[in-house]
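One-letter residues, chain by chain:
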Amino acid sequence: MRGIIKEFSGVRALDGVDLALSAGQVLSLCGENGSGKSTLMKVLSGIYPSGEYQGEIWLDGALYQVNNIKQAEQAGIAIIHQELALIKELTILENLFLGDEISQFGVLNHAAMYSRAEQMLARVGLTISPDTPLVELGVGQQQLVEIAKALAKNARILILDEPTSSLTESETDVLLAIVEQLKEQGVSCVYISHKLNEVLAISDVVCVIRDGLHIGTREAQGLTQDDIITMMVGRELTELFPYEEHDIGDTVLSVAHASAWHGSNRHIKLVDDVSFELRAGEILGVSGLVGAGRTELMQCLFGSYPSRYELELTLDGQPLVIKSPSDALTKGIAMVPEDRKRHGIVPVMSVGSNITLAGLASFGNWLGQLNEAKEHAAIDEAIARLRVKTASADLAIRSLSGGNQQKAILAKCLLLNPKILILDEPTRGIDVGAKYEIYKLMFELVKQGVAIIMVSSELPEVLGISDRVLVMHEGKLKGNLINDNLTQEQVMECALRSTTEKQ
Ligand SMILES: Nc1ncnc2c1ncn2[C@@H]1O[C@H](COP(=O)(O)OP(=O)(O)OP(=O)(O)O)[C@@H](O)[C@H]1O
Ligand SMILES: [Mg+2]
């Protein structure tokens, strides 16, 4: 790719980027949120057709010009998107074969597709029936289905845009092994991830872009995470977790006997009799593997769990009943959900409207009329406070980079001035610099007495900023540990203990 320039209504997302990829090479593309990684890959994969960008792409010595994704796939280039792109209403099989159905004499051949689908799923280590509706899958599993779909296209260049952000460690290992295999077969990969340990483990070369400019391409051999971070942010970042002292007050919320049942199988308990307390000014980390029931537990607290659940809540010593998310919001409980595309944003609405959506009531006067000036001021302040990178508050939120959408959702919750803030994987897909800013913001909030529950699959993050850590495993609460220099081993031992207990 030579001198690629891509503008969106006058704003340059890419400003003359060069990129070279050899056969069988794994290249990691690194850069902060909004630096242009996904845009560059959308140019390569035909999402932005030839003519919508400037610069040239050469593939095997010939000028490469495609008009759509289909043509790019025919040329051997396939992309796995950052945001899940599967259709929730369909089954796994229907998603896998969408547009490429196998039919015989004009009749869909379900049996043929079924066995093919099983092979495709096996390749990514999934052993569920292809007829399972997609809604029943967790985010990580959905991502694996998407990866299976892309692999089946037999691409020569496979682009993975943050493929592991929702995967468990073992799912990630499966994926990394697949990339290794592909590489041996001569397939090249462009790998985008904010997890720099993964980047170093898998790549041959690392290419860093910043603000749409190519900063440098280096051999991965001998490179350190600090080297990459310095190239990404343009300065050295010495500490990753800005822990600040803060006072912890009395119990604000107590949760007793929380249980939640599986949507279609009433006998499976996804949350199993969990009880804990949350104190004012406290950051409570919730750790565990994906599938431990953490998200479901949070949904119960917020009134958004879609199936049967029960629990007893007490807020400031008074019994509390939460009927719905809007009910939770009026009672001072806000949540940033895990799956932002499904629960977090309204993609076609503007960044500004998304931010003020939940808090609209507070911008009205006593006649119920909206005070637009007040609303705009609040939006501008929120955008500045979280440094959401957007050319204007009026842009559709779906045009923001993944990480910046996440920051906008956080901004939305903060506008509500919640007493209790639930964050489910708040830094997923967020670059190191912006993570730092989010942690700082969390400390600012707890200093004001807000209580924060943070679900996170990244143990260093949980240990780096939590006051206390809940360890969940298979729906049960296995540990409630004060974070007094807690180690990863101690937390993992807690999970391990639970497995041995089970045997
Ligand atoms: N369709 C669009 N309309 C307007 N602006 C856009 C559009 N798509 C991307 N942008 C802007 O281009 C810039 C680069 O975005 P891009 O999605 O490529 O970032 P990224 O490096 O992938 O970030 P992240 O790590 O957050 O995923 C951002 O400022 C983004 O807001
Ligand atoms: Mg991106």
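Rules used in this analysis
- Once a new chain begins, its residue numbering starts again from 1 and follows that chain's sequence as written.
- Each chain gets a letter, beginning with A, and each ligand a number, beginning with 1, in the order they are written.
- The predicted origin of the model limits local features to residues at a pLDDT of at least 70 and limits the giving and counting of side-chain atom pairs to 80 or more, whereas totals for whole chains, interfaces and linings rest on all residues.
- Side-chain figures throughout are based on the complete set of non-hydrogen atoms in the structure, without hydrogens or water.
- In this analysis, axes come from line fits to C-alpha atoms, helices being fitted only over the stretch in contact, and the angle between any two N-to-C directions falls in the range 0 to 180 degrees.
- For the purposes of this entry, the term helix denotes a DSSP run of H or I that reaches at least four residues, the term strand denotes a run of E that reaches at least two, and both are numbered from the N terminus.
- Angles below 35 degrees are treated as roughly parallel, those above 145 as roughly antiparallel, those between 65 and 115 as roughly perpendicular, and all remaining angles as oblique.
- Contacts between residues were defined by any pair of non-hydrogen atoms, one from each residue, lying within 4.5 Å.
- Any residue that is not Ala, Val, Leu, Ile, Met, Phe, Trp, Tyr, Cys, Pro, Asp, Glu, Lys or Arg is counted as polar, Gly included; the first ten are nonpolar and the last four charged.
- If DSSP finds at least two bridges between two strands, the strands pair.
- Accessibility here uses a 1.4 Å probe with only protein chains present; expressed as a share of the type maximum, an area under 20% marks a residue as buried, one over 50% as exposed, and anything in between as partly exposed.
- Throughout, near means a residue has at least one heavy atom within 4 Å of the molecule or strand.
- What qualifies as a polar contact is a pair of N or O atoms within 3.5 Å, subject to a donor-acceptor requirement within protein and to the restriction that residues adjacent in sequence count only when both atoms come from side chains.
- Here the Shrake-Rupley method, with its probe set to 1.4 Å, supplies the accessible areas, and only the displayed protein chains count as covering residues.
- Whenever Lys or Arg places a side-chain nitrogen within 4 Å of a carboxyl oxygen from Asp or Glu, that contact is recorded as a salt bridge.

Considerations on the packing of helix α14 (residues 402–415) against helix α15 (residues 432–447)
Move 1: Running from N to C, α14 and α15 point in directions that differ by 10°, and their axes come no closer than 12 Å. One way to sum up the angle between α14 and α15 is to call them roughly parallel. On the side of α14, the interface is formed by K407, L410 and L414, while α15 contributes A434, I438, L441 and L445.
Move 2: Looking at the contact of α14 with α15, its residues break down into 6 nonpolar, no polar and 1 charged.

Brief notes about the sheet that holds strand β14 (residues 251–261)
Move 1: Spatially, the 4 strands line up as an open sheet ordered β15-β14-β17-β18, and their pairing is antiparallel. Strand pairing shows two members of the sheet lacking a second neighbour, β15 (269–279) and β18 (318–320), which therefore form its edges. Taken over all neighbouring pairs, the strand axes of this sheet differ in orientation by 10° on average, direction set aside.
Move 2: As paired elements, β14 and β15 share 7 bridges and run antiparallel to each other. Note that in β15 the partner of A260 across the bridge is V271.

Section: the side chain of N404
Move 1: Here N404 is to be found in helix α14.
Move 2: Residue classification places N404 among the buried positions, given a relative accessible area of 1%.

A look at the site of ligand 1
Move 1: Around ligand 1 sit 20 residues, and of these G34, K37, T39, S401 and G403 come closest.
Move 2: The contact in question runs from an oxygen atom of ligand 1 to an N or O atom on the side chain of S401, over 2.8 Å.
Move 3: Protein contact buries 87% of the 640 Å² of open area that ligand 1 shows by itself.
Move 4: Elements with a contribution of two residues or more to the shell around ligand 1: α1 (37–44) and α14.
Move 5: Ranked by residues supplied to the shell around ligand 1, first place goes to α1 with 3 residues.
Move 6: Taken together, the residues of the shell around ligand 1 break down into 4 nonpolar, 12 polar and 4 charged.

A short note on the pattern of salt bridges
Move 1: Inspection of every chain in the model, using the stated rule, returns 20 salt bridges.
Move 2: For K447, the salt bridge identified is with E244, shortest N-O distance 2.5 Å. Of this pair, K447 sits in helix α15 while E244 sits in the loop between α8 (225–233) and β14, and the two are 203 residues apart along the sequence.
Move 3: Residues participating in the shared-partner salt-bridge network are E7, R12 and D15.

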